[in-house]
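In case you want the letters, here they are:
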Amino acid sequence: MTDVLGANPHVQPEHRRRRTALRSLGIASMAAFAGGVAVVAVQYTLGLVSAGYPPIVQGLVCTSEGDRSSGALTLGAEGSGLLPVTEFVAGSLITCRIEAPGADYATWSVVGPESGVRSAPLDPQLGCQSPETFAEQDPARLRLSACQRFQVRQPGLYLLSITVMQRGQHAADRARMLVRVLPAAVVAPEVAIPRNERLSVVLRLPATRTEEVREVDLSASFAEHGLVPQSRRFERIVYRLAPDEAFLGATFRARSAANASAVELRHEPENRSVLARFTLRSGPLIDRWRGWISGTVVLRVERQRAARDVPLPDTELPVPGRVELPLPDDVDTRQARILLRRPDMTTSIETAPGDTSSLDRARVRARFADRQLILEAEAE
């Protein structure tokens, strides 16, 4: 029987071929699995490496709209240590754009004779923003465009600074530029040699009910962290009305906000105050983001004043020529009249702004402009 079984040539070779095929299939499957794991590991590693690079400001371009531009500049890197300088004429409307791929938060600041700051999550899809357009946003959805617009009215040297950052990165990149604002050319008219008339000037103010604006800064932050995200309701008295003031309305203009609700402003007549209410949120221990809000509360109040006379300093008025007298801060000139008198004479004239009157062989015109009383005279 043993000889008969051992004499069958097909039994043992067929079994060996089946085991060989199964072993080859197993090796191929393990190799394919190992290759897939390696591809996923390489992609994950490259993702970590690429996520570690902070955003970079690749370019900054500032130009002037209209005919008043005196220069435009494209900024690369600040490697030389010298800040680039560009020049504009006073009154120019300047538009600045940045290129910062990967950035999701930015801060624009202008420091100089006129200063301002805008800070919020970055949204490159938004159009150009002016200070008013940025401040009119809801603080809960505050966004900053990559294109900002501002107007320079006062001559001088300004420092424009843009800082960009990315969530999860400690590093930030910044671009800076010096902006020199030149005064607009003024041509002085030719005038004849004047004679001087010494005048006493009095403003006559009627009883008025005027609307005035009060601005109050409002800022708060919240950084308490627990196992779950936290929130806190804030209530603050931002303004107390004076005895001669009546509340008309209030709005909030945001400068910067993150994880904040809209600011609710409410007038409380019983204690003559204006109350601000808002909510800030902060993240858990494993993700320590915080909430803050910063801006200005703009209040409109009505103020009642009795009729009064406000004397201005005596002045020497050239004929022909003009003189400018600064006005007190609390003077409302909308219904004011002007009383002019020579100290050595008993006669006087009372005139309204914009009218022309005769005084001692001279025609005098009085008007208000830029918080000044301007007297212009010419010989009759």
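See the structure above.
If you're wondering where the values come from, they're calculated on a predicted model, not measured in any experiment.

Visitor: Can you explain the overall build of the protein? Please cite residues and give values.
Guide: When its secondary structure is counted, the protein shows 3 helices and 23 strands. Burial status across the protein gives 34% buried among its 380 residues.

Visitor: If you had to explain empty space enclosed by the protein to someone new, which residues and values would you point to?
Guide: The final tally for this structure, using the stated rule, is 2 cavities of 30 Å³ or more. As a volume, the largest cavity reaches approximately 60 Å³. In this structure, the largest cavity is lined by Leu205, Pro206, Thr208, Arg305, Ala306, Arg308, Asp330 and Asp332. A class-by-class count of the residues in the lining of the largest cavity yields 3 nonpolar, 1 polar and 4 charged. Put simply, the second largest cavity is a space of about 40 Å³. Those elements that place two or more of their residues in the lining of the second largest cavity are β10 (195–205), β17 (308–319) and β22 (362–369). When its residues are assigned to classes, the lining of the second largest cavity shows 7 nonpolar, no polar and 3 charged.

Visitor: Let's hear about the packing of aromatic side chains: which residues, and what values?
Guide: Inspection of the entire model under this criterion finds 3 aromatic pairs. Ring plane angle 65° and centroid distance 6.4 Å describe the contact between tyrosine 105 and tryptophan 292, whose orientation is recorded as edge-to-face. Residue tyrosine 105 is found in strand β5 (residues 105–111), and its partner tryptophan 292 is found in strand β16 (residues 291–305); the two are separated by 187 residues along the sequence. When the ring of phenylalanine 234 is compared with that of phenylalanine 278, the centres are 5.3 Å apart and the planes differ by 5°; the resulting orientation is stacked. Of the two residues, phenylalanine 234 is situated in strand β12 (residues 230–240) and phenylalanine 278 in strand β15 (residues 273–282); the sequence distance between them amounts to 44 residues. Classification of phenylalanine 278 as buried rests on a relative accessible area of 0%. Three or more aromatic residues link up through ring pairs in this structure, and these residues are Phe222, Phe234 and Phe278.

Visitor: Can you break down the sheet that holds strand β18 (residues 321–326) residue by residue, with the values?
Guide: Strands sit in the order β18-β23-β22-β21 across an open sheet of 4 strands; the sheet is antiparallel. This sheet does not close on itself; its edge strands, each paired only once, are β18 and β21 (356–358). Neighbour-to-neighbour, the strand axes of the sheet open up by a mean angle of 25°, direction not taken into account. When β21 meets β22, the two strands line up antiparallel, connected through 3 bridges. When the sheet's bridge partners are listed, threonine 356 is paired in β22 with arginine 365.

Visitor: Would you mind going over the pattern of salt bridges in detail, with residue names and values included?
Guide: On inspection of all chains with the given rule, the structure shows 24 salt bridges. One salt bridge in this structure joins aspartate 309 and arginine 204, with 3.7 Å as the shortest N-O distance. Residue aspartate 309 is found in strand β17, and its partner arginine 204 is found in strand β10; the two are separated by 105 residues along the sequence. One salt-bridge network, in which partners are shared between bridges, spans Glu212, Arg214, Asp244, Glu245 and Arg303.

About the cut-offs
- Residues numbered from 1 in each chain as written.
- Predicted model: local features only at pLDDT ≥ 70, side-chain atom pairs only at ≥ 80, totals over all residues.
- Heavy atoms only, no water.
- Helix = DSSP H or I, 4+ residues; strand = E, 2+ residues; numbered from the N terminus.
- Buried < 20%, exposed > 50% of the residue type's maximum accessible area, 1.4 Å probe, protein only.
- 1 Å grid on protein atoms, 1.4 Å probe; cavity = no way out; pocket = protein on both sides within 12 Å on 5 of 7 lines; lining within 4 Å.
- Points joined across faces, edges and corners; volume = space filled by probe spheres on them.
- Nonpolar A, V, L, I, M, F, W, Y, C, P; charged D, E, K, R; others polar.
- Phe/Tyr/Trp six-rings, centres within 6.5 Å; stacked < 30°, edge-to-face > 60°.
- Pairing = 2+ DSSP bridges.
- Axes fitted to C-alpha atoms, helices over the stretch in contact; angles between N-to-C directions.
- Salt bridge = Lys/Arg side-chain N within 4 Å of Asp/Glu carboxyl O.

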